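Report on the structure
Letter by letter, the chains look like this.
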Amino acid sequence: METADQPINPKMPRGFMTPWVLLLLKQWSLHGYLIMQHLNRMGFSEVDHPTLYKELRRLENDGYVASEWQTGESGPAKRVYSITEAGEQLLQGWTEVVSGYQRMFNGFFDLYAQAFGFAPVATADAKANEAQDQE
């Protein structure tokens, strides 16, 4: 049985979905179904609706997300989520953390490539710099 301390997907670190949700809500106010569609396109295919809504409730209880019910001309009312100022600050903190992880992962893959005798996979920054050098 799953406990509150265990992630839904053991391959995904706990809270890993948080910055993605906050980033989506920084760009748009969205209801849960649209958030789920965006997450699926970004590679979160194993996240289900109950997991997402649990995360949204947690973020709202912690003050990082706000929600309101919106009614349309047709269909039921939908709870629409938006990021708060505290959520934006949390997102900025996550950005620093993820940036550090990116540098660590790049170093890991460079070392891995050296250990196994093949060229490291170029990062997006390296590719951009290479393109500028060729101009």
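What counts as what
- Residues numbered from 1 in each chain as written.
- Predicted model: local features only at pLDDT ≥ 70, side-chain atom pairs only at ≥ 80, totals over all residues.
- Heavy atoms only, no water.
- Phe/Tyr/Trp six-rings, centres within 6.5 Å; stacked < 30°, edge-to-face > 60°.
- Helix = DSSP H or I, 4+ residues; strand = E, 2+ residues; numbered from the N terminus.
- Buried < 20%, exposed > 50% of the residue type's maximum accessible area, 1.4 Å probe, protein only.
- Contact = heavy atoms within 4.5 Å.
- Patch = residues over 30% accessible without salt bridge, like charges linked within 9 Å, V, L, I, M, F, W, Y side chains within 5 Å.
- Areas by Shrake-Rupley, 256 points an atom, 1.4 Å probe, with all protein chains shown as cover.
- Salt bridge = Lys/Arg side-chain N within 4 Å of Asp/Glu carboxyl O.
- Polar contact = N/O pair within 3.5 Å; in protein donor to acceptor, adjacent residues only side chain to side chain.
- Pairing = 2+ DSSP bridges.
- Axes fitted to C-alpha atoms, helices over the stretch in contact; angles between N-to-C directions.
- Parallel < 35°, antiparallel > 145°, perpendicular 65-115°, else oblique.
- Left-handed = near helix turned anticlockwise from the far one by under 90°.
- Nonpolar A, V, L, I, M, F, W, Y, C, P; charged D, E, K, R; others polar.
- pLDDT = per-residue confidence, 0-100.

Brief notes about the packing of aromatic side chains
All chains considered together, the criterion is met by seven aromatic pairs. Centre to centre, the rings of tyrosine 101 and phenylalanine 105 are 6.4 Å apart; their planes meet at 40°, and the pair counts as tilted. Taken as a pair, tyrosine 101 and phenylalanine 105 lie in helix α4 (residues 85-116) at a separation of four residues, close to a single helical turn. A relative accessible area of 44% means that tyrosine 101 is categorised as partly exposed. Each ring, one from phenylalanine 108 and one from tyrosine 112, has its centre 6.0 Å from the other, and the planes form 25°; the classification is stacked.

Side note on the environment of valine 65
Tracing the backbone shows valine 65 in strand β2 (residues 65-70). For valine 65, a relative accessible area of 3% puts it in the buried group. Here the alpha-carbon distance between valine 65 and serine 82, two residues 17 residues apart in the chain, equals 5.6 Å. Discounting chain neighbours no more than four positions away, the residues touching valine 65 are Leu22, Leu25, Leu59, Glu60, Tyr81, Ser82 and Thr84.

Some details on a nonpolar patch on the surface
Together, Val97, Tyr101, Met104, Phe105, Phe108, Phe109, Tyr112, Phe116 and Phe118 give the surface a local cluster of nonpolar side chains, amounting to about 980 Å² of exposed area. Its location among the elements puts phenylalanine 116 in helix α4.

Regarding the side chain of serine 67
Here serine 67 shows up in strand β2. Engagement of the side chain of serine 67 in a polar contact is seen with the side chain of glutamate 60, the distance being 2.7 Å. A distance of 2.9 Å separates a polar atom in the side chain of serine 67 from a polar atom in the side chain of arginine 79. For serine 67, the residues in contact, after removing those within four places along its chain, are Glu60, Arg79, Val80 and Tyr81.

Comments concerning the sheet that holds strand β1 (residues 30-31)
Within a beta sheet, neighbouring strands are joined by backbone hydrogen bonds and run either parallel or antiparallel to one another. The three strands lie next to each other as β1-β3-β2, forming an open sheet whose pairing is antiparallel. Only two strands of the sheet have a single partner each, and these edge strands are β1 and β2. Bridge analysis of β2 against strand β3 (residues 78-83) gives six bridges, and the strand direction is antiparallel. Within β3, the residue paired with glutamate 68 across the bridge is valine 80. Of the strands in this sheet, β1, β2 and β3 touch helix α1 (residues 18-27), which is tilted by about 95° from β3.

Focus: the packing of helix α2 (residues 32-41) against helix α3 (residues 49-61)
In contact at an axis separation of 10 Å, α2 and α3 are set at 110° when each is read in the N-to-C sense. When the interaxial angle is binned, α2 and α3 end up roughly perpendicular. The way α2 lies across α3 gives a crossing that is right-handed. Together, Gly32, Tyr33, Ile35, Met36 and Leu39 of α2 and His49, Leu52, Tyr53 and Leu56 of α3 make up the contact between the two elements. For the contact of α2 with α3, the class distribution of residues is seven nonpolar, two polar and no charged.

What to know about the confidence of the model for the protein
Chain-level pLDDT for the protein is 83 on average; 78% of the residues reach the 70-or-more range. Contacts for the low-pLDDT stretch residues 1-10, under 50 throughout, to residues beyond four places or in other chains number nine contacts.

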